[in-house]
Structures are given as structure tokens and as C-alpha cells.
Amino acid sequence: MDTLMMELLTRLAWTSVQSALLVALVWGVCRLLPRLPAATRCRLWWLVALQAVLGLVWSSPLELAVLPAPGIDDTTFVTQTMMQAPTTLAPVAVDTMTAAATGASLSWQSVLFALWAAGVLLMMAHSLRAYRQSRALVRNAVPCTDAGLQQALQLAAEAHGLARAPQLKLSAQIRSPQLIGPWNPALLLPARELPAMAADDLDMALTHELVHLQRRDLWLGLLPALAQHLLFFHPLLHVAVREYALAREEACDSAVVAGHGHCRHDYGRLLVQLGVAPRPAVGVASASPNFRSLKRRLLTLQQTGSFPRVASMAITALFMVIGVAPMRLVAAVPPPPPPPPALAAPAAPAVPAAPAATPAVAAPATPAVPKPAPAPRPVTAPLPPEAPAAPASPSHPDSVNTTTITHGRLDLSHQPRQAFVLMGGGDNFVDASMADLKQAQRDVQGRDPALWVRVGNERYLVRDPALLQSLSKAQQQVAKLGEQQGALGERMGALGEQQGELGERIAEVAMRASRDAMESMDAAEMANHAARTTKGDAALAERAAQRAKADAAAAVDHRRIAEIARQQAELARQQSGLAQQQSIASAQIARDVRKAFDKALADGTVQRLR
């Protein structure tokens, strides 16, 4: 019930917005083209009502991706056992907070739904009372016994292509001809005004009502009435229904004048003579419902120009294409994010780290050889190596299967209003919380593939093979991109280990050089001693040779670190490209899942869980 309520309110909101835009568009066209035929204007306003009704009953509206793309962090990760410790107690608090928030939201939605339902019921009660009054008017009328009038009506009906003429009755409660239907339509004539009407005036009045039958206005008018009941709160829709009724009368007036050759002046005089009278609930009347309508009808009769028929048909077709189908504005596919500069940055500090220790080496004989300072190993690895296999977790009903790779977005502390878990093979695609993932695994009970959906407090399960098969391709693509990212992560982890080992070696060389420098505190005394003894020269030369060999090894290590940094930068660039592809693929599969669930809900293939 909550799901249907939320869906109905959403459709009412979107339909109201689209109806307002369509009303404004039709109004603008009618004002820009004052010579537009009344029949065309009538069709355009009827299309507004059609759009309003379709917006509430159409299960798959057209999605226009024009809204800004949301900043969704769609990453791929493997659920590990270490996540279970902080989340074992979290679901209770999260569920409590979410339940409170959901209860407030549902209360607000329930109030809106109750107000809408009450308004629809009031409109229906008013229409039902008016319908009973109209039928009572028909029952109280007496059949017309004038054979000549009956025969003239039958001939006129055949001339307008009608299979049979409507029932002709006389009523003392009306002042102008009325056609009441649509079931078993009855044509009522005013009993008191009929003797005073001229033959031509009566012919024009009867022709006006027969044109309504020929155009099927009694049946077509039910749709605007339905739209007015469902969207009773929409002021612009009331304007559209009023304009439709007025254009419908103007179209019939134009048909009477054009089809029978009557003078426009005589027909206008007849409209003034009929005056203003209320319109029946399920029918039409020759008289105008108000003075504004009467004035509009008289002004329309003065228009003698013509409008191209092809242009009228083109305008109607254009509005049918761009305005009738229900539409929804959705977020665009996220654009590829720019490569983050932090991906290539971790490898850079390893190269300049070596010359940073040069001032600490007090050896003037070898100024060109850099002596790096000790660097901690974690800094050299931008990405950690592959995590070791987690130990088997104890059996618990809420434990998450650690061998399943999960893609998409998983919130550890926040429970969204709507969530889904798409299970297939060894991969899951989720847009849910950790509690939702655990609940989905309990509901599915290991029998995948399946689509688990939660809307509010209601849970649903879809196992339709055809529907799940349509989602498997996109799911496999996301899983493949995740595997490729995992492989790149392993390679970057291995390079990080090599870089760490080289950093340790360079640090050892730097420490050895520092010890040598400490031992030779007095360079002048060492030089004097070397000058007096040959043994000192040999010791000094041997020490210099060892120093040079260590410096050469350090230079090689520096070159290898630079090469590893270059390889890491290349891997980071590839991983950034894969992340962009995965972001786009994840957004697309999330939209496909929502569409598939809506289709399954409409087809009745959804299992509601208790």
C-alpha cells in the first residue's frame, strides 16, 4: 500500500507539471494563431486532458536525461570480515532511526493521499448528483408527437451520417435545446419556447445538436471530465477543460453555418435569443453557459477567413508527439570524471626523497652522490597489496557472505528510502545499506539469480528469468570492469612492495654513509695522516672505493624507483579509465533495474515479502 501511495503521488506531481507546461503551450499557440479553426483548438485542448489521464495510468513514462548528473561514487569492493565487527550492533540503531524517519515520511504522504482521495470523492459525488438530475430531466420529458418534426429530424440525422436519430422529447424545465447522453442520447426541446421559434431557427438548433452527435462529443467529453476529477487541485487543468468545452461549441457553430448555408447574422441572432443556460452534466446545450462564452461564439462567427487544413493537421500531430506521452526528467549519465592528480602523486615523493638527506652527509669529496634519508615503507605504496584471505566467520544469521564480490554503492551507516540488490552468480550489484544486503541474502536464501527491492518498509523479490536475463549483460560488464580494476590494484601493490624494498636499501646506504661521515670528523687530520703513511693512503683508498660502489648501487636503485614510479603512473591512468567506464556502467544498470522493477510490478511478477 505504501508503495502504491508513493507511486501515485509521484505521478500526480509529474503529471501536474507536464499538464501546466502543455496548457501554456496550447494557450500560446491559440493566441498566436487567432484564425486557427475551432475544431483544431478543440482537439488541442482535448489532448491536454488525454495527457493528464495518461500521466496517472501509464506505467513506463519517457525518461528525459536532462537533470544534472549526481555525484555517485560507484566503486567496486570485496566485503571483508573486518566490516562485521562495527556493523553487528549498528543495524538496530539504523533500523530504529530509519523507522522513525520513514514513519514521519509515510504520515506526510498519507495526509496528501487522504486529501487527494477526499477531493476526488467530492468531485464524483457532485457529478453523480448532476447526472441524476439530468436523467430525471429526461424521464420527466414527454415524447414529441409531431410527425413532421420527427421525420425532419430523421432526415437530418441521415444527412449527418448517423445510424439513427436521437429520441426527441419536449421538456418544460429547459429554455434551449439540449442533447443528453452518451448512453441512449435524448434530444430535448423547450416546450414553452418551441411554438415561438421560426422554422429556420429550429432547423439550425437541431443541426447544432446533430453535429455534436456526429463528432461524438458526448463520448469524447468524458475524458476531460475524468481528468478534471483526478486533478481537481490543478487550476490550469480546469482552464483547459473550460476552453475545450467552449471550442467544442464554436466548432459546432462553424459546422452549422458552413454546412447549411445559413446566414451568420441569423445564427448569431439565434444564439442571442437562446441566451445563457446551465450546461447539463452529461450533455451539451445550444445555449451558452455564461456571457463570456456567448461573446466568444459571436466573435468566432465573424471570422470569415480560412486556415490551411494541412497546417491544422500538422499542429495537432506535433502536439500529439511532443505533449501527450508522459515524461519524466531524470539525471543524466555522470560524465567521466577528470583523472585525479592524487593517483600519480604517491610515486613522485620516492624520487626526490633521496636528495633530501644530502645535507646530512658531511663528505665534500662526493658532493654529486645523493644520500636519501630513511623513508617509511607505507608512503611508497599508493595502493595496498591484495588483502589476505579472511578467516572464516562464525555462523550467524546476519553474517554477510565474504566470498561474494559486491559492486555498486553500499552504505554502512545510512539506510536509503529505496534500495535494491541484484544477485547473479558470484557477483552482486547493490544500491543499498549493509542491513539491506544482509536482509536480501536471508530472503533469497542462496537461490540466485534474483532481484531484491525495498521501498520504504515493503520488500519485494523478482525471479523472472527473462527479466533477470536482460540485466545480466550489464551486470557482467560491471563485474568484468571490477576484475580488471582488481588486477591493476594487484600489479600496483606488487610495484609498491618493490619500491618499498628499494627504499629500505637506499636508507641503509644513507645510514652507512652517515656513519662514515661521523668517523671522519676531522678531514684535515685524516689528510695529514695519509700524507705521512702509505698504510693510511691504502685505507683511505679502500674506504673511498667502497663508498663509490655503494653510491653506484644507490644510483641504480634510484633509477629503478623512477621506473617503478613511471609504471605506477601508467597503471593509475589505466585504473582511472576503468573507473570512468565503471561509473557509467553502474549508473546505467541502476536505471535498468528501476525500469525492470516497474515493469515487473505492472506485470504482476513481483513477490511481496512479509
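Up top is the structure.
A. How the structure looks around the overall build of the chain. Assigned secondary structure in the chain consists of 17 helices and 14 strands. Classification of the 610 residues of the chain by burial places 43% in the buried group. If you take every contact in the chain between residues at least 6 apart in sequence, the share linking residues at least 24 apart comes to 74%. Summed over its atoms, the accessible surface of the chain is roughly 32,200 Å², and 63% of this surface lies on carbon and sulfur atoms.

B. Expanded view of the sheet that holds strand 7 (residues 283-285). On the basis of which strands lie adjacent, the open sheet formed by 5 strands has the order 3-4-6-5-7 and mixed pairing. Whereas interior strands pair on both sides, the edge strands pair on one side only; in this sheet they are strand 3 (142-143) and strand 7. As defined by bridge partners, strand 3 adjoins strand 4 (residues 167-171) across 2 bridges and the pair is classed as antiparallel. Each residue of the ladder has a partner; that of Val142, found in strand 4, is Leu170.

C. Summary view of the nonpolar core. In this structure, Leu12, Val26, Leu44, Trp45, Val48 and Phe319 are the most contacted members of the largest nonpolar core, which totals 34 residues. No other element matches helix 2 (residues 38-57), which puts 11 residues into this core. Apart from the residues lying within four places of it in its own chain, the contact partners of Leu44 are Val26, Leu36, Ile315, Thr316 and Phe319. Grouped together as the second largest cluster of nonpolar side chains are 33 residues, Leu206, Leu210, Leu271 and Leu274 included.

D. Layout of a negative patch on the surface. Together, Glu497, Glu501, Glu504 and Glu508 make up a negatively charged patch on the protein surface. Along the chain, Glu504 turns up in helix 15 (residues 465-519).

E. Geometry of the pattern of salt bridges. The tally for this structure, following the rule as stated, stands at 13 salt bridges. A salt bridge links Arg215 to Asp217; the nearest nitrogen and oxygen atoms lie 3.1 Å apart. Residue Asp217 is classed as buried on the basis of its relative accessible area, which comes to 2%. Salt-bridge contacts for Arg454 lead to Asp436; the nearest nitrogen and oxygen are separated by 2.9 Å. In this pair, Arg454 is assigned in strand 12 (residues 450-455) and Asp436 in helix 14 (residues 434-444), connecting sequence segments 18 residues apart. A single salt-bridge network, built from bridges that share partners, covers Arg41, Arg242, Glu243, Glu250, Arg292 and Arg296.

F. A look at the pairing of strand 12. Counting buried residues in strand 12 gives 6 out of 6 residues, a clear majority hidden from the surface. The alternating pattern of strand 12 places Ala450, Trp452 and Arg454 and Leu451, Val453 and Val455 on opposite faces, both of which are buried. Pairing geometry for strand 12 and strand 13 (residues 458-462), over 5 bridges, is antiparallel. Bridging across to strand 13, Arg454 finds its partner in Arg459. Between strand 12 and strand 13, which pair antiparallel in sequence order, lie 2 residues; one of them, Gly456, sits at a positive phi of approximately 70°.

G. A look at a nonpolar patch on the surface. Taken together, the side chains of Leu25, Leu318, Met320, Val321 and Ile322 define a hydrophobic patch exposed on the protein surface, amounting to about 470 Å² of accessible area. The leading source of residues in the nonpolar patch is helix 12 (residues 309-324), at 4 residues. Turning to its location among the elements, Leu318 is positioned in helix 12. Judged by relative accessible area, Leu318 falls into the partly exposed class, the value being 48%.

H. Quick look at the pairing of strand 11 (residues 427-433). Burial analysis of strand 11 places 7 of its 7 residues in the buried class, which makes it a mostly covered element. For strand 9 (residues 405-411) and strand 11, the ladder comprises 7 bridges, and the chain directions are parallel. Each bridged residue has a counterpart across the sheet, and for Leu410 the counterpart in strand 11 is Ala432. Relative to strand 11, strand 10 (residues 418-424) is paired through 5 bridges, and the arrangement is antiparallel. When the sheet's bridge partners are listed, Val421 is paired in strand 11 with Val430.

I. Local environment of the packing of aromatic side chains. Using the criterion set out here, one finds 4 aromatic pairs in the structure. Note on Trp183 and Trp219: the rings are 5.5 Å apart at their centroids and 80° apart in plane angle, and the pair reads as edge-to-face. Linking Trp183 in the loop between strand 5 (178-180) and strand 6 (186-190) with Trp219 in helix 7 (residues 217-220), this pair joins segments that are 36 residues apart in sequence. On the basis of relative accessible area, Trp183 is assigned to the partly exposed category, the value being 47%. Residue Trp219 is classed as partly exposed on the basis of its relative accessible area of 45%.

Calculation notes
- Residues numbered from 1 in each chain as written.
- Predicted model: local features only at pLDDT ≥ 70, side-chain atom pairs only at ≥ 80, totals over all residues.
- Heavy atoms only, no water.
- Helix = DSSP H or I, 4+ residues; strand = E, 2+ residues; numbered from the N terminus.
- Buried < 20%, exposed > 50% of the residue type's maximum accessible area, 1.4 Å probe, protein only.
- Contact = heavy atoms within 4.5 Å.
- Areas by Shrake-Rupley, 256 points an atom, 1.4 Å probe, with all protein chains shown as cover.
- Pairing = 2+ DSSP bridges.
- Core = buried A, V, L, I, M, F, W, Y, C linked by side-chain atoms within 4.5 Å.
- Patch = residues over 30% accessible without salt bridge, like charges linked within 9 Å, V, L, I, M, F, W, Y side chains within 5 Å.
- Salt bridge = Lys/Arg side-chain N within 4 Å of Asp/Glu carboxyl O.
- Lys, Arg positive; Asp, Glu negative; His and termini not counted.
- Charge placed at Lys NZ, Arg CZ, Asp CG, Glu CD.
- Phe/Tyr/Trp six-rings, centres within 6.5 Å; stacked < 30°, edge-to-face > 60°.

Such coordinate-based values are descriptive only and should not be taken to indicate function.
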